[in-house]
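# Residue-level structural notes
So you can see what is in the structure, the chains are spelled out below.
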Amino acid sequence: MDLVSLLKLNNPFGDDKRHAACAIFGMMNVSGELMPGEQVFAAMNNMHERGNGLGAGFAVYGLYPHMRDYYALHVMFTDVRGKTAAEELLRKSFVLEGSEPIPTRKTPGISAEPLLWRYFLAPLDTSLGEDGEQDLLMDMVLRLNTEVPDTFVFSCGKNMGVFKGVGYPDQIAHFYRLEDYSGYIWTAHSRFPTNSHAWWGGAHPFCLVDWSVVHNGEISSYGTNRAFLETLGYRCTLFTDTEVMAYAVDLLMRRQKMTPELFAKVVAPPFWEEIDAMAEPERTLHTALRVTYAGLLMNGPFAVVIANGEQMIALTDRIRLRPLTVAVRGDIFYVSSEEAAIRFVCPGVDAVWTPKGGVPVVGRLGLIPKPEHASDNVGVCVTACGGYRDAAQS
Amino acid sequence: MPRKASDFGIRSNRLPEYAVDRDYELCIGCGVCIRQCSFDVHYLDEDHDTVRSRSELCVGCHRCSALCPTRALAIKPNPAQYRAHGSWSGEHVKDINLQAETGGVVLTGSGNDKRAPVYWDNLLINASQVTNPSIDPLREPMELRTHLGARLDAVNIQAGSLDSRLPPTIPISTPIVFSALSYGAVSFQVQLALAQAAQELGTLWNTGEGGFHPRLREYGSNTIVQVASGRFGVDLDYLNSARMVEIKIGQGAKPGIGGHLAGEKVSKDVSATRMIPEGTDAISPAPQHDIYSIEDLRMLVFALKEATNYKVPVSVKIAAVHNAPAIASGMVRAGADVIAIDGFRGGTGAAPKVIRDNVGLPIEFALAAVDQRLRDEGIRNRVSIIAGGGVRNAADVVKAIALGADAVYVGTAALIAIGCTLCQKCYSGKCNWGIATQDPYLAKRVNPDIARRRLVNLVKGWSHEIKEMLGGMGINAIESLRSNRSQLRGIGLTAEELSILGVKPAGG
């Protein structure tokens, strides 16, 4: 599968971009304690109707504690020839500390699965520093995805990994044996694409180094965003909104080290009217961000959950055209397309609220997000339904 | 003054272009048409106490027809046309006759009136259905504010506050800027109306190369001043009284040639504003004689930045020509903060017709090619692009921005709003609508206050329409349309044309 056939798979009808709607979900234990994925699977199941079985996936942080110092590459090969070529290329810059198939099992409804493999890598050159290593890795992933036939890297961060494919979320979770894993951040996605062939690499999450993105949206500014990013050297090969969102995350948060709050001011900025009413120095700052990064304003509906090893970020477009609800319970921070899914898996949330458009809600290790208003606190509220466990038993 | 065949002692045998059709049942002989026509078409036949017309002098500006109180006048194409010919149109025959009589260059004004392809008309705009919502601009915020000037590739933020020095940019409330119309080419009243309208709208107007009249300097913060090859009116105060300085290299209507304002038009006031002696011809050389190469441009750009203490953006304006992308790239590297590209349908106060109608490129191609080249070279974010030359309505503005413009220049549309009927006799100085003239009797026909209101209405109307189109696309800020070519489709275009424009065919 060379680049050309990859494009064909991902955008078979040559559309400007793929149109999709989705269910997204995320949960983070800000204490760093590892959690099994059962709540995530149940929540995604609860939002079954938001997907159409053409793609689902999960990103898990805290996944490989025993290999935490190595970059974990999750790779799809559509032909074993790709594997040989990919490993040959990888060995030019990296030591392969581990190489094994990703465990899977036969699952009804899952077919045409590619060869799924994972590697644990360390750079041959140990003098690069973190930024240098990440740039080397990004370059390698881009080459593997575009130059090596039959190969697609779908995650490459440390102590994290993405599991995704064609199917509903419960099928994908079953297929990858996700009940065997635990993590302190889980994000999940279920797709409802309207114009794409079912292709394993096209499912979410999208991942660049240790940043992952699950996204529900159709960005009307896609052409503008793409042109801006390509000017800076990114190559948008997948024709998806999510790809430009992922590159924006990479550019602004990984490379330019912006905080999630500033990142939000770029992709979902305040209106000029609001900026004009700000006091200095905020006004100058916000004006500078909007002027400089005008090409990264993501215009049109989106809701997104972005994560890396440190944090999980929930954000919608500035006029909130796609749903997103957040909740907290103890150390756990939930994000979901639908409140019902959170209530289903955690009937007794401490607080639940709907974030304002363009305002990020960020859970960080050691820091649980606070509700915007005191009235968002629901106290200890156990609903008549005991939640998913009871539902599953009845 | 334009010379007539009789000046050369040769009798003209050209057929009149227009026929004045006077309905004598309606005509009350009031003489309005006589007083209104500066071309002396209408006269009183005292022997018969009847108003008559000399059709051969008519330029087709329709002033008399519009002002006739009884609607007795209709200006029609002369039914007596040259014999139809597939190759030799009446215009060719007329022009040959004119040159045979005078031995001169055929002059014209306004923009190219030929059936050159108008590619705006081959582009269709997208709208949202189902998969994402359209936005109602009457209910939701819809932002047209645009910043003109250079941008950084990234900003540094330390401890939550800005740690970068941003280049100067100019916020404009709508991506529509009045293009260069110099004092001398147009009347003071027209410039006053443009300046006041720009201020009221929160956008910019452009002095052109005719200097900056002292009475207009109070509108400096809405003014672009030009530094052109004649350097008329340019001094330190001129540069520092404006919001932007524009180096004019070329003009879409007449790429590669200079300008010539006849001495008759250099009145006392024009002479003071242009800083040249009264009654002398104002010659703008074809090139700027201190710019023979790109490094010279860089020196002028930075000389102007030094002179203005780096407080205002410097724009460089070129005519759309064959290698515009490479030139634009050089301009950016030479330090231009804004590049203005003027397409071959752009207007002019005076140009040789053969140049106006044959030299240059349609703005659509030049704009798309320049935007793409600057992106390919990774320098598009550094500059703003203003595209001009044939922007006729709000849809053209939307299409220009989707092809890569930050804003558009409108000149002809602004003049039409004031009263211009495109008779193309701007060069004659006898504009019956009081626009392209320095004759006080004619110029006072433009009431600056009414002209200002008409300009404001026009731009407001377009801005509303732009918001409707943006909302339809599901976009609520104009910057999200810029270079968003996936919002356009081409119809009736060849594969090569589509490729240059960077758009897909309709249905694709």
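Keep in mind that what you see is a predicted model, and the values were worked out from it rather than measured. (Residues numbered from 1 in each chain as written. Chains lettered and ligands numbered in written order. Predicted model: local features only at pLDDT ≥ 70, side-chain atom pairs only at ≥ 80, totals over all residues.)

## Looking at the overall build of chain A
- A tally of regular secondary structure across chain A gives 12 helices and 18 strands.
- Taken over 394 residues, chain A has a buried fraction of 56%. (Helix = DSSP H or I, 4+ residues; strand = E, 2+ residues; numbered from the N terminus. Buried ≥ 20, exposed ≤ 12 C-beta atoms within 10 Å, placed from the backbone.)

## Quick notes on the interface of chain B and chain A
- Contacts between chain B and chain A engage 38 residues on the former and 35 residues on the latter.
- When its residues are assigned to classes, the side of chain B that touches chain A shows 12 nonpolar, 17 polar and nine charged. (Contact = placed C-beta atoms within 7 Å. Nonpolar A, V, L, I, M, F, W, Y, C, P; charged D, E, K, R; others polar.)

## A short note on helix α6 (residues 222–231) of chain A
- When you tally the buried positions in α6(A), you get nine out of 10 residues, the bulk of the element.
- Contact partners of the buried residues in α6(A): α7 (241–255) of chain A together with α10 (363–376) of chain B.
- At the C-terminal side of α6(A), G233(A) shows a positive phi close to 100 degrees.

## Things to note about the environment of V312(B)
All names here are of chain B.
- Summarising the element assignment, V312 is placed in the loop between α7 (294–307) and β17 (314–319).
- Taking the C-beta count within 10 Å as the criterion, V312 has 22 such neighbours and is therefore assigned buried.
- Once you skip the residues sitting within four places of it in the chain, V312 turns out to touch P168, A242, R243, M244 and V245.

## Section: the pairing of strand β20 (residues 384–388) of chain B
All names here are of chain B.
- Within β20, five of the five residues are buried, which leaves the element mostly enclosed by the surrounding structure.
- Of the two faces of β20, both are covered, the one formed by S384, I386 and G388 as well as the one formed by I385 and A387.
- The sheet contact formed by strand β18 (residues 338–342) and β20 spans five bridges and is parallel. Looking at β20, one finds that I341 is bridged to A387.
- With three bridges joining them, β20 and strand β21 (residues 407–410) adopt parallel strand pairing. In the sheet register, I386 faces β21, and the bridge partner there is A407. (Pairing = 2+ DSSP bridges.)

## Points about the confidence of the model for chain A
All names here are of chain A.
- Taken residue by residue, chain A gives an average pLDDT of 88. The fraction at 70 or more is 88%.
- Contacts for the low-pLDDT stretch residues 1–8, under 50 throughout, to residues beyond four places or in other chains number nine contacts.
- Note on residues 379–394: pLDDT is under 50 here. Beyond four places in sequence and across chains, it has 17 contacts. (pLDDT = per-residue confidence, 0-100.)

## Digging into helix α10 (residues 282–292) of chain A
- For α10(A), a buried count of eight out of 11 residues is recorded, marking the element as mostly surrounded by other parts of the structure.
- Those residues of α10(A) lying buried are L285(A), H286(A), T287(A), A288(A), L289(A), R290(A), V291(A) and T292(A).

## Some points on the environment of A341(A)
Residues and elements named next belong to chain A.
- If you trace the backbone, A341 turns up in helix α11 (residues 339–345).
- As for A341 and A43, which are separated by 298 residues in sequence, their C-alpha atoms are 4.8 Å apart.
- Excluding residues that lie within four positions of it along the chain, A341 makes contacts with F25, A43, N46, M47 and S336.

## Let's talk about the sheet that holds strand β6 (residues 115–123) of chain A
Residue and element names in this part refer to chain A.
- Spatially, β5-β6-β4-β7 is the arrangement adopted by the four strands of the open sheet, whose pairing is antiparallel. Lying at the two open borders of the sheet, with one neighbouring strand each, are β5 (94–101) and β7 (151–155). On average, adjacent strands in this sheet sit at an angle of 30 degrees to one another, irrespective of strand direction.
- In terms of strand pairing, strand β4 (residues 71–77) meets β7 through four bridges, oriented antiparallel. Considered in β7, the bridge of F77 is made with T151. (Axes fitted to C-alpha atoms, helices over the stretch in contact; angles between N-to-C directions.)

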